[in-house]
Amino acid sequence: MSKGKVAALVGPKKVEIKEFNLPEVQPGAVLLKVRRSNLCGSELHIWRWHHPVIKHAVLGHEMIGEIFELGEGVTTDYAGNPVSVGDKVVPAYYLTCLKCRSCLRGDFNLCQNAYAFWSQPPEKPPHFTGTFATHYYVQPNQYFYKVPDSVPDAVAAGANCGLSQVICGLDLAELRNGESVVIQGAGGLGLYAVAVAKEKGAKVIVIDKVKERLEQAKAFGADYVIDLNEFTTLESRSREVQKLTEGDGADVVLEVAGVPEALIDGVHMIRPGGRYISIGNVNVSKEFEVPVAPGLITRKCAKIIGVVRYNPWYLYRALKFLERNHARYPFDKLTDKEYGLEEVPEALQKAENRVVTRAAIVPNK
Ligand SMILES: [Zn+2]
Ligand SMILES: [Zn+2]
């Protein structure tokens, strides 16, 4: 029987490479060979042992793979495209069980069984439940889509996390043509958001404190950037946003910074009737609380929209978005260093120390 390997978290910031027999593929399931997997910020969060659920776990969730074996009955992807062995696909990284209370409401992104097969302890069959691995097991009911031929691996690898999420977020905020959007944070999600917002015909303002990231935001088409090193106070930043939005404030503010204070800035920056989208801030403990006057939200009739994961069909839209637009934006520059599977511990440490901005794991090099 052939074997594969996974990079598993075995303690806080402690990773081991483990080998297992490839699982038998159940009806409705698909076994993928991993082509490329990005090291996303939430992976660092898990590695630091901060995730509430995921502890002893196979790491990785952002990826592109190719079909290695199809389970009985699987003839198409979740958009009805015929699939066969060797096809490139991306899966949503969580399960949609279709039966829990959230799924019954149609909130697939909130499926209460989302974690049932995601980053499980490595010893637990089918073992290949994370994407920092040679193989990855797609469960029955876990959405996956074929990748358009024209989209390169390095571009498609981020589709099932960051890109799908910002498309979903900006959709929920109903960002319209000609509106202004402030993007807080120019990491991977922020840069995806710039491209998506530009394609929607919006005026895009990006805030960050890292010069290179602001430069990248401009390369992605940001109309204005605000450097936190220059605009050091809430007042100065709000004033700048007002100036750039004809005195009104932004129609939409999108938070992808993971910095709690961004909420304070955001509710000050949106116009009356504006929308604030919270994506990057995922911690819920006391130390992540910030003071905000609720009256500001009331008086502005502001809409606050939280977005965790995305409804799985946004992944299909993300791939279509890339097919149409990838050549017009520097998506291929989003990852700056490649590592093999054995180098996952090093990749995580370097990402933690910010020696690399966005690492990619290429496990079958
Ligand atoms: Zn991610
Ligand atoms: Zn469910």
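Up top is the structure.
Residues numbered from 1 in each chain as written. Chains lettered and ligands numbered in written order. Predicted model: local features only at pLDDT ≥ 70, side-chain atom pairs only at ≥ 80, totals over all residues. Heavy atoms only, no water.

1. Describing the coordination of the zinc ion (ligand 1)
Those donors, Cys-40 (SG), His-61 (NE2), Glu-62 (OE) and Cys-161 (SG), are the protein atoms that reach the zinc ion (ligand 1), and they lie 2.1 to 2.7 Å from it. Between the 4 donor atoms coordinating the zinc ion (ligand 1), the angles at the centre fall across 84 to 129 degrees, so the site counts as irregular. For the zinc ion (ligand 1), the single-chain donor residues occur in sequence as C-x20-H-E-x98-C. Of this pair, Glu-62 sits in strand β5 (residues 62-70) while Cys-161 sits in helix α4 (residues 159-172), and the two are 99 residues apart along the sequence. The same class applies to Glu-62 as to Cys-161, namely buried. (Donors = N, O, S within 2.8 Å, 3.2 Å for Na, K, Ca; no water. Tetrahedral: all angles 85-135°; square planar, octahedral: opposite > 155°, others 65-115°. Helix = DSSP H or I, 4+ residues; strand = E, 2+ residues; numbered from the N terminus. Buried < 20%, exposed > 50% of the residue type's maximum accessible area, 1.4 Å probe, protein only.)

2. Things to note about the sheet that holds strand β12 (residues 250-255)
With parallel pairing, the 6 strands of this open sheet are ordered in space as β11-β10-β9-β12-β13-β14. Strands with a single pairing partner mark the edges of an open sheet, and in this sheet they are β11 (224-227) and β14 (303-306). Here the strands of the sheet are splayed against their neighbours by 20 degrees on average, with no regard to which way each runs. In this sheet, strand β13 (residues 270-278) lies alongside β12 in parallel orientation, the contact comprising 5 bridges. (Pairing = 2+ DSSP bridges. Axes fitted to C-alpha atoms, helices over the stretch in contact; angles between N-to-C directions.)

3. Focus: the sheet that holds strand β1 (residues 3-11)
Taken in spatial order, the 3 strands make up an open sheet running β2-β1-β4, and their pairing is antiparallel. Every interior strand has two partners, whereas the edge strands, β2 (14-21) and β4 (57-58), have only one. Inspection of the sheet shows β1 paired to β2 by 8 bridges, in the antiparallel sense. Considered in β2, the bridge of Ala-7 is made with Ile-17.

4. Observations concerning the pattern of salt bridges
For the structure shown, the criterion picks out 30 salt bridges. The shortest N-O distance in the salt bridge between Asp-171 and Arg-317 comes to 3.2 Å. Of this pair, Asp-171 sits in helix α4 while Arg-317 sits in helix α10 (residues 313-325), and the two are 146 residues apart along the sequence. For Asp-171, a relative accessible area of 24% gives the class partly exposed. With relative accessibility at 36%, the residue Arg-317 sits in the partly exposed group. With a shortest N-O distance of 3.2 Å, Lys-243 and Glu-240 are connected by a salt bridge. (Salt bridge = Lys/Arg side-chain N within 4 Å of Asp/Glu carboxyl O.)

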